[in-house]
Amino acid sequence: MTDLPPGVLPYDPMAKEVIDDPFAEYRRRQSGCPIGHSETLGMPFWALFGYDDVRSAMLDPKAFSSRYGPTPVFQKSIGFFADGKEHTHFRAIFRKRLSPEGIAALQPRVAELARRLLDDMIAKGPVVDLHDDFALPLPVHVISWLLGIQGDDFVTLKHWSDELMENAFGKSNERFLKVYAGICAFFDQHLDARYDMLTAAGIEEALPEHVGSVLPDDWISDAVCADYLGRKLNRDEQRMALMGLLVGGNETTTSLITNLMWRLLEEPSRWEQVRSDPDRFIPVAIEESLRFDSPAQAMFRTTLCPVEVAGVEIGPKQKLMLNFAAANRDPAAFDDPDSFRLDRDARDLSRRHLAFGGGPHGCPGAPLSRMEVAVVMQLFVKHLPAATLAGPSERSVGYNMWGRSSLPINLGC
Ligand code: HEM
């Protein structure tokens with residue numbers, strides 16, 4: 001093992017005690033040693049646990065770059081895995097559909113889907129698994145609409161998306177590459193079909209105005225037609241964009257729904273409070289859940305130059321884990337951080353918690369997942385007033401995702 005500088009302790013995100021209770025481990029780190037070093041995943045990296053350290057690194061992309069990807073593995077610089085102008089322009093192509101107008105237009109469709117899933121759940125009840133029966137299918141359907149994937153293909157997509165997430169953060173690079181190749185082949189079929197449509201319409205060059213006219217109005221068409229720094233996206237960039245959007249918006253939103261309902265039903269007075277004034281407490285409950293149970297625990301950056309963090313000198317080209325979940329439980333940033341409280345201020349929380357990261361790479365899907373979960377909560381409050389937990393839940397697999405992979409509840413109706 002490498003000799004560590006004074007003040008740095010080894011960190012193993014896969015250690016049993018960390019997997020069982022990551023927040024207890026974060027608290028130990030914050031009270032003594034806010035920087036750790038890991039060699040246990042086969043890829044060495046530093047880990048930051050303090051709010052100010054994480055936030056400062058996140059907001060300084062010149063020193064803490066995203067060009068080698070957001071995982072402990074050094075990845076090829078492409079698409080979202082980039083800095084500066086390349087990244088801003090790439091992101092802008094896909095962010096348009098996540099604008100306030102785009103989200104507002106989607107809302108009725110999300111409400112209809114949520115209502116259908118709820119009705120199916122009630123027909124199946126009274127005891128259901130909120131994860132399998134509701135929280136999982138909802139965001140997968142929504143991302144499939146945005147991507148432009150029809151029919152049952154989304155089941156395959158969900159499977160791949162989960163496997164990719166599970167292996168991306170260091171579990172098995174071999175498995176990761178295999179899953180990655182499968183998803184590429186899947187998206188290639190869809191991309192090729194769009195070029196065939198253009199050819200059939202006698203069009204040689206894809207242009208932005210073909211989206212929604214010759215081609216369907218979705219992200220796959222955007223990937224084909226958008227202008228990117230004076231050229232079109234190449235195939236690797238197209239695949240990377242679609243994959244990033246697919247993976248980014250799936251398990252995270254599922255986890256937000258399960259985490260939130262878990263915490264509210266765990267303490268029935270919380271559920272009662274939310275039901276007593278949904279317009280006031282749903283926004284607080286969503287932001288508090290994001291802070292308290294951040295679905296994506298951490299993302300990585302790479303140092304481009306020598307830096308000093310948490311009093312430790314780190315050289316260039318080192319991977320650094322920004323632990324957003326730990327930062328969100330830092331007593332230096334939040335009062336009583338280990339309590340889930342509905343008397344916090346939703347707006348203040350949303351401005352300060354780091355569940356969506358921040359800086360140039362801050363999550364572009366945040367407004368979409370907030371809208372989805374707000375719609376869901378309004379429905380649950382109205383139709384499941386007597387819901388209760390119906391047994392122990394299980395946590396998601398891997399160290400980086402924090403959600404319930406199973407959440408038995410009694411719908412109470
Ligand atoms: C509760 C739901 C979600 C959570 C907790 C979440 C969390 C995150 C976090 C922590 C990051 C990294 C930010 C950083 O490194 O500074 C991120 C990035 C990203 N997320 Fe989300 N996300 C969620 C929903 C979504 C949705 C719905 C989408 C797509 C529609 C999405 C797409 C992305 C993409 C594409 C990136 C990369 C952005 C970039 O590098 O510029 N996410 N998300």
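Residues numbered from 1 in each chain as written. Predicted model: local features only at pLDDT ≥ 70, side-chain atom pairs only at ≥ 80, totals over all residues. Heavy atoms only, no water.

Under the annotation held in an unreviewed UniProt entry, the chain carries the name Cytochrome P450 and is attributed to Sphingomonas yantingensis.

**Observations regarding the coordination of the iron atom of the ligand**
Threshold: Ligating atoms shown are N, O and S within 2.8 Å of the metal, or 3.2 Å for Na, K and Ca, and water is not included, meaning a site may look less than complete. Per the convention used, a helix needs a DSSP run of H or I reaching at least four residues, while a strand needs a run of E reaching at least two, with both numbered from the N terminus.
Counting protein donors around the iron atom of the ligand gives one, Cys 363 (SG), at 2.3 Å. Looking at the secondary structure, you find Cys 363 in the loop between helix H16 (346-352) and helix H17 (366-383).

**Some thoughts on the pairing of strand S2 (residues 35-38)**
To keep things clear, this is the line we draw: Only protein chains enter the accessibility calculation, which uses a 1.4 Å probe; a residue is then buried when its area is under 20% of its type maximum, exposed when over 50%, and partly exposed in between. Two strands are counted as paired when DSSP detects at least two bridges linking them.
Residues Ile 35 and His 37 line one face of S2 and the alternating positions Gly 36 and Ser 38 line the opposite face, and both faces are buried. Across 2 bridges, the pairing between strand S1 (residues 9-10) and S2 is parallel. In the strand pairing of S2, Leu 9 is matched with Gly 36. Alignment of S2 against strand S3 (residues 45-48), held across 4 bridges, turns out to be antiparallel.

**What about the sheet that holds S3?**
Spatial strand order, S1-S2-S3-S9-S6-S4: 6 strands in an open sheet with mixed pairing. In this open sheet, the two strands that pair with only one neighbour each are S1 and strand S4 (64-65). In this structure, S4 lies alongside strand S6 (residues 298-303), joined through 2 bridges in antiparallel fashion. Bridging from a neighbouring strand, Ser 65 pairs with Thr 302 of S6.

**What to know about the packing of aromatic side chains**
Quick reminder of the rule: Stacked, tilted and edge-to-face pairs are distinguished by plane angle, under 30 degrees for stacked and over 60 for edge-to-face with tilted covering the rest, among Phe, Tyr and Trp rings (Trp via its six-membered ring) whose centres lie within 6.5 Å. The criterion is that NZ of a Lys, or CZ of an Arg, lies within 6 Å of the ring centre and within 35 degrees of the ring normal, and then a charge sits over that ring.
Counted by the stated rule, this structure contains 14 aromatic pairs. Summarising the aromatic geometry, the rings of Trp 262 and Trp 402 are spaced 6.4 Å apart at their centres and angled 55° between planes, so their arrangement reads as tilted. Residue Trp 262 is located in helix H12 (residues 251-266), and its partner Trp 402 is located in the loop between strand S11 (394-395) and strand S12 (404-406); the two are separated by 140 residues in the primary sequence. The pair Trp 262 / Trp 402 is uniform in exposure class, with both members buried. An aromatic cluster is built from Tyr 11, Phe 23, Tyr 26, Phe 49, Trp 262 and Trp 402, whose rings are joined through pairwise contacts. Arg 404 extends its terminal NZ or CZ atom over the ring of Trp 262, reaching a point 3.8 Å from the ring centre.

**Details of the site of the ligand**
Here is the rule: Here a residue is near a molecule or strand as soon as one of its heavy atoms is found within 4 Å of it. Definition of a polar contact: a pair of N or O atoms within 3.5 Å, with one able to donate and the other able to accept a hydrogen when the atoms are protein atoms, and with sequence-neighbouring residues admitted only if both atoms are side-chain atoms. Asp, Glu, Lys and Arg are counted as charged, while Ala, Val, Leu, Ile, Met, Phe, Trp, Tyr, Cys and Pro are counted as nonpolar; the rest, among them Gly, fall into the polar class.
Close to the ligand lie 26 residues; His 87, Arg 91, Arg 301, His 361 and Cys 363 are nearest. The contact in question runs from an oxygen atom of the ligand to an N or O atom on the side chain of His 87, over 2.7 Å. Gly 358 has a polar backbone atom sitting 3.1 Å from an oxygen atom of the ligand. Its residues assigned to classes, the shell around the ligand comprises 13 nonpolar, 11 polar and 2 charged.

**As for the environment of Trp 145**
If you trace the backbone, Trp 145 turns up in helix H7 (residues 137-147). Along the primary structure Trp 145 and Arg 239 are separated by 94 residues, whereas in three dimensions their C-alpha atoms are 17 Å apart.

**Observations concerning the nonpolar core**
How we decide: By nonpolar core we mean a set of buried residues, namely Ala, Val, Leu, Ile, Met, Phe, Trp, Tyr and Cys, connected to one another through side-chain atoms within 4.5 Å. Contacts are assigned to residue pairs with any non-hydrogen atoms lying within 4.5 Å of each other.
Among the nonpolar cores identified, the biggest contains 109 residues, and Phe 134 and Phe 380 are the most heavily contacted of them. Looking at this core element by element, the count peaks at 10 residues for H17. Excluding anything up to four places from it in sequence, Phe 134 contacts Ala 114, Leu 117, Leu 118, Met 121, Asp 129, Val 376 and Phe 380. Grouped together as the second largest cluster of nonpolar side chains are 22 residues, Ile 35, Val 307, Leu 322 and Leu 349 included.

**Digging into the UniProt feature "binding site: heme" (unreviewed entry) in the chain**
Test applied: UniProt positions are given in the numbering used here, feature names are shortened, and annotations may be inferred rather than shown by experiment.
Listed under "binding site: heme" (unreviewed entry) in the UniProt record, and renumbered for this structure, are Cys 363. Here Cys 363 falls in the partly exposed class, since its relative accessible area comes to 31%.

**Re the sheet that holds strand S5 (residues 127-129)**
Spatially, S5-S13-S10 is the arrangement adopted by the 3 strands of the open sheet, whose pairing is antiparallel. What marks the edges here is a single partner per strand, and that holds for S5 and strand S10 (388-389). For S5 and strand S13 (residues 408-410), the ladder comprises 3 bridges, and the chain directions are antiparallel. Bridging across to S13, Asp 129 finds its partner in Pro 408.

**Describing the packing of helix H5 (residues 100-124) against H17**
Where we set the bar: Orientation is described by lines fitted to C-alpha atoms, with helices fitted over the stretch in contact, and by angles between N-to-C directions that extend from 0 to 180 degrees. Roughly parallel here means an angle under 35 degrees, roughly antiparallel means over 145, roughly perpendicular means 65 to 115, and every remaining angle is called oblique. A clockwise turn of the near helix away from the far one marks a right-handed crossing, whereas an anticlockwise turn of less than a right angle marks a left-handed crossing.
One way to put it is that H5 packs onto H17 with a least axis distance of 9 Å and a crossing angle of 40°. The angle between H5 and H17 falls in the class oblique. Between H5 and H17 lies a crossing whose hand is right-handed. Contact residues: H5 offers Ile 103, Leu 106, Gln 107, Val 110, Ala 111, Ala 114, Arg 115, Leu 118 and Met 121, while H17 offers Pro 367, Leu 368, Met 371, Glu 372, Val 375, Leu 379, Phe 380 and His 383. Residue composition of the contact of H5 with H17, grouped by class: 13 nonpolar, 2 polar and 2 charged.

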